[in-house]
Amino acid sequence: MSLVAGVDSSTQSCKVVIRDAETGRLVREGRSTHPDGTEVDPAAWWQALGEAVTAAGGLDDVEAVSVGAQQHGMVTLDADGAVVRPALLWNDTRSAPAALRLISERGGPQVWADGVGSVPVASFTVTKLAWMAEHEPENAARTEAVCLPHDWLSWRLQSSTATGPGFDALATDRGDASGTGYFAPATNEYRRDLLIAALGHDARLPRVLGPADQGGVTAAKGISSDAVLGAGTGDNMAAALGVGALPGDVIVSIGTSGVVSAISDVPAADPTGIVAGFADATGRFLPLVCTLNAARVLDAVATLLQCSHEELARLALSAPSGADGLVLVPYFEGERTPNRPGASGAVHGLRLHTSTPAHLARAAVEGLLCGLADGLDALVAEGAQVRRVLLVGGGARSEAVCRIAPAVLGYPVVVPPPGEYVADGAARQAAWALARSRGESSNEPPNWPLEGSQTYEADRTPSVRERYAEVRDLTES
């Protein structure tokens with residue numbers, strides 16, 4: 001039996017799963033936490049990876065490893081390979097003005113959509129580079145190479161030193177690269193003119209690997225020796241691979257962020273900026289809509305009501321559909337889609353009879369889902385074909401979210417069994433790379449069955465969406 005490992009280095013934690021390369025059977029797993037904040041020293045990710053590996057029983061018997069990680073994070077390296085400054089993460093919105101400036105100076109939204117598939121917002125790496133060039137010019141000048149969180153961790157896995165094995169070993173995949181704002185997924189080429197416009201000078205960038213390509217071999221102390229290193233990818237791409245999504249499937253992930261994505265054979269180019277035209281981890285495309293506010297909305301309302309998540313779900317399901325007109329607009333952390341980084345949350349329709357914990361709980365679940373439903377509408381407008389919705393992430397553990405989702409989203413909702421789907425997708429990619437390294441040619445990843453899914457269906461309730469649409473713009477911007 002050959003074993004492979006998949007890593008999920010997310011915003012909040014690091015998870016490692018070890019699976020049978022042929023069947024996908026889970027053998028063991030481990031995890032560790034990441035520090036809070038919107039900027040993090042990458043050394044914290046490396047430490048957490050080591051702790052998660054130890055918790056998983058080590059990787060000495062593993063033959064291949066791949067890393068999935070949070071998209072967009074800006075990791076800058078100096079000429080010696082040392083980190084220049086803490087990485088700015090996807091949820092750091094300080095670069096919002098830089099995004100607007102780049103759009104204006106480089107031809108407008110349509111030019112960006114046509115050029116790189118997406119119109120940059122504050123989360124994109126290119127905007128963070130522009131912010132650094134403006135506010136920290138000395139750090140920008142020191143920057144010799146730019147990479148993403150998964151790129152950096154994969155790079156470190158190839159060396160026993162803190163400064164990596166040299167820039168020639170830096171590698172990424174087209175999925176994660178498509179979220180930088182300076183890579184064109186339709187042509188699989190970097191747009192160095194956009195990198196230079198943001199950073200102020202050119203820099204070394206990771207080479208872009210194919211889905212089953214080998215990125216090197218592991219050599220890091222305490223990890224494993226000479227295991228095949230897969231290309232790795234971004235967390236959204238890895239999650240789609242982990243649930244085995246196919247064309248016609250829409251993945252709705254409710255985690256730290258809310259993500260609605262679809263598997264597509266054609267690239268997207270939405271000049272409104274709502275849909276990001278990303279690539280996936282299999283050679284296809286992954287048009288995607290991302291919100292800043294997702295599972296933490298449920299956390300916040302549960303805290304406000306001083307109840308558990310189970311009680312929050314019970315309360316929400318005890319209230320009527322539409323919460324008697326009570327609407328919660330969940331822009332608790334600003335928002336990325338729509339692009340309102342300075343927005344705040346709001347509650348509308350508060351009356352004596354709606355001033356109950358049950359009404360607020362229902363409004364929170366419906367408001368969260370309405371924001372994601374807007375994203376689903378945008379994907380359909382870009383040509384996505386929808387057969388069903390796959391609901392994953394921490395929010396999928398809420399019975400209220402699962403039962404209310406089909407009524408708000410308007411499609412059958414399939415909830416796979418709880419799992420670490422980003423790490424699972426990375427492990428599946430590792431198995432693919434291992435097979436390729438052995439000369440087993442395949443254009444598709446290994447077929448790992450996903451058993452134990454539950455399907456939820458309900459009649460669409462357009463009144464919930466209509467009421468939300470009436471008030472969603474009545475918030476601070």
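Residues numbered from 1 in each chain as written. Predicted model: local features only at pLDDT ≥ 70, side-chain atom pairs only at ≥ 80, totals over all residues. Heavy atoms only, no water.

> Which parts of the structure should I look at to understand the packing of helix α12 (residues 357-381) against helix α15 (residues 462-471)?
When two helices pack together, their arrangement is captured by the angle between the axes and the distance separating the axes. Interhelical geometry of α12 versus α15 gives an angle of 90 degrees and a closest axis separation of 10 Å. On the basis of their axis angle, the class for α12 and α15 is roughly perpendicular. Between α12, through Glu366, Gly367, Cys370, Gly371, Ala373, Asp374 and Asp377, and α15, the contact on the second element is made entirely by Val464, Arg465 and Tyr468. Of the residues in the contact of α12 with α15, the class split is 4 nonpolar, 2 polar and 4 charged. (Axes fitted to C-alpha atoms, helices over the stretch in contact; angles between N-to-C directions. Helix = DSSP H or I, 4+ residues; strand = E, 2+ residues; numbered from the N terminus. Parallel < 35°, antiparallel > 145°, perpendicular 65-115°, else oblique. Contact = heavy atoms within 4.5 Å. Nonpolar A, V, L, I, M, F, W, Y, C, P; charged D, E, K, R; others polar.)

> Would you take a moment to explain the environment of His309 for this structure?
When you line up the elements, His309 lands in helix α11 (residues 309-318). Sequence separation between His309 and Arg397 is 88 residues, and the spatial gap between their C-alpha atoms is 9.2 Å. Look past the residues within four positions of His309 in its chain and what remains in contact with it is Leu298 and Asp299. Separated by 2.9 Å, the side chains of His309 and Asp299 make a polar contact. (Polar contact = N/O pair within 3.5 Å; in protein donor to acceptor, adjacent residues only side chain to side chain.)

> Looking at this structure, I do not really get the side chain of Ser32. What am I missing?
Looking at where Ser32 falls in the secondary structure, it is placed in strand β3 (residues 26-33). Judged by its relative accessible area of 9%, Ser32 falls in the buried class. Of the polar contacts made by the side chain of Ser32, one reaches the side chain of Glu51; its length is 2.4 Å. Setting aside chain neighbours within four positions, we find Ser32 in contact with Ser13, Cys14, Ala48, Glu51 and Ala52. (Buried < 20%, exposed > 50% of the residue type's maximum accessible area, 1.4 Å probe, protein only.)

> Sorry if this is basic, but what is going on with the environment of Arg156 here?
By secondary structure assignment, the location of Arg156 is in helix α6 (residues 149-156). Classification of Arg156 by relative accessible area gives buried; the value is 8%. Separated by 144 residues in sequence, Arg156 and Gln12 have C-alpha atoms that sit 20 Å apart.

> Would you mind showing me how to read the packing of α11 against helix α13 (residues 399-409) here?
At a minimum axis separation of 8 Å, α11 and α13 run at an interaxial angle of 35 degrees. Contacts between α11 and α13 involve Ala313, Ala316 and Leu317 from the former and Glu399, Ala400, Arg403 and Ile404 from the latter.

> When you look at the packing of aromatic side chains in this model, what are you seeing that I'm missing?
Each aromatic ring pair is summarised here by two numbers: the centre-to-centre distance and the angle between the ring planes. Counted under the stated rule, the structure contains 5 aromatic pairs. Measuring from centroid to centroid gives 6.5 Å for Trp45 and Trp152, while their planes differ by 70 degrees, and the two rings are edge-to-face. Residue Trp45 is found in helix α1 (residues 42-55), and its partner Trp152 is found in helix α6; the two are separated by 107 residues along the sequence. As far as burial versus exposure is concerned, Trp45 and Trp152 are alike and both buried. Geometrically, the ring pair formed by Phe183 and Tyr190 is edge-to-face, given 5.5 Å between the ring centres and 75 degrees between the ring planes. A relative accessible area of 21% places Tyr190 in the partly exposed class. Among the aromatic residues, those joined into a ring-pair cluster are Tyr182, Phe183 and Tyr190. Above the ring of Trp131, the side-chain terminus of Arg94 is found at 4.9 Å from the ring centroid. Of note, Arg156 hangs over the ring of Trp46, and the distance from its end group to the ring centre comes to 4.2 Å. (Phe/Tyr/Trp six-rings, centres within 6.5 Å; stacked < 30°, edge-to-face > 60°. Lys NZ or Arg CZ within 6 Å of the ring centre and 35° of its normal.)

> Can you help me understand α13 in this one?
Side chains that are three or four residues apart share a direction in an α-helix, a result of its 3.6 residues per turn. When you tally the buried positions in α13, you get 9 out of 11 residues, the bulk of the element. Taken from the residues just after α13, Gly410 is the one with a positive phi, measuring 85 degrees.

> Would you explain the nonpolar core in this entry?
Generally speaking, nonpolar side chains in soluble globular proteins are found buried as a group. If you look at the biggest cluster of nonpolar residues, it comprises 58 residues, and the most contacted ones within it are Val252, Ile254, Val365, Leu369, Leu391 and Leu409. Counting residues per element, this core draws most heavily on α12, which supplies 14 residues. With residues up to four places along the chain from it excluded, the contact list for Ile254 reads Ala294, Ala295, Leu368, Leu369, Leu372, Leu391, Val392, Gly393, Gly394, Gly395 and Val401. If you look at the next biggest cluster of nonpolar residues, it comprises 43 residues, including Met74, Val146, Leu199 and Ala281. (Core = buried A, V, L, I, M, F, W, Y, C linked by side-chain atoms within 4.5 Å.)

> Help me understand the pattern of salt bridges, please; the structure alone is not making it clear to me.
Two side chains with opposite charge may pair up if their charged atoms get near one another. Enumeration according to the criterion identifies 28 salt bridges in this entry. Among the ionic pairs, Asp168 bridges to Arg204, the shortest N-O distance being 2.8 Å. Placement of Asp168 in the loop between α6 and β9 (171-173) and of Arg204 in the loop between α8 (192-199) and β12 (207-209) is noted, with a sequence separation of 36 residues between them. (Salt bridge = Lys/Arg side-chain N within 4 Å of Asp/Glu carboxyl O.)

> What should I look at first to understand the sheet that holds strand β24 (residues 454-456) in this one?
By definition, the strands of a sheet pair up through backbone hydrogen bonds, in either a parallel or an antiparallel sense. Strands sit in the order β18-β19-β17-β16-β22-β23-β24 across an open sheet of 7 strands; the sheet is mixed. Of all the strands in the sheet, just β18 (276-279) and β24 have a single pairing partner and so form its edges. Going from strand to strand, the sheet's axes swing by 30 degrees on average, the running direction of each strand aside. With 3 bridges joining them, strand β23 (residues 413-415) and β24 adopt antiparallel strand pairing. Among the inter-strand pairings, Val414 is bridged to a residue of β24, identified as Thr455. Packing against the sheet, helix α9 (residues 235-242) makes contact with β16 (249-254), β17 (258-262), β18 and β19 (285-291), and its axis sits at approximately 115 degrees to β19. Against the sheet, α12 engages β16, β17, β19 and β22 (388-392), with an angle of about 25 degrees to β17. (Pairing = 2+ DSSP bridges.)

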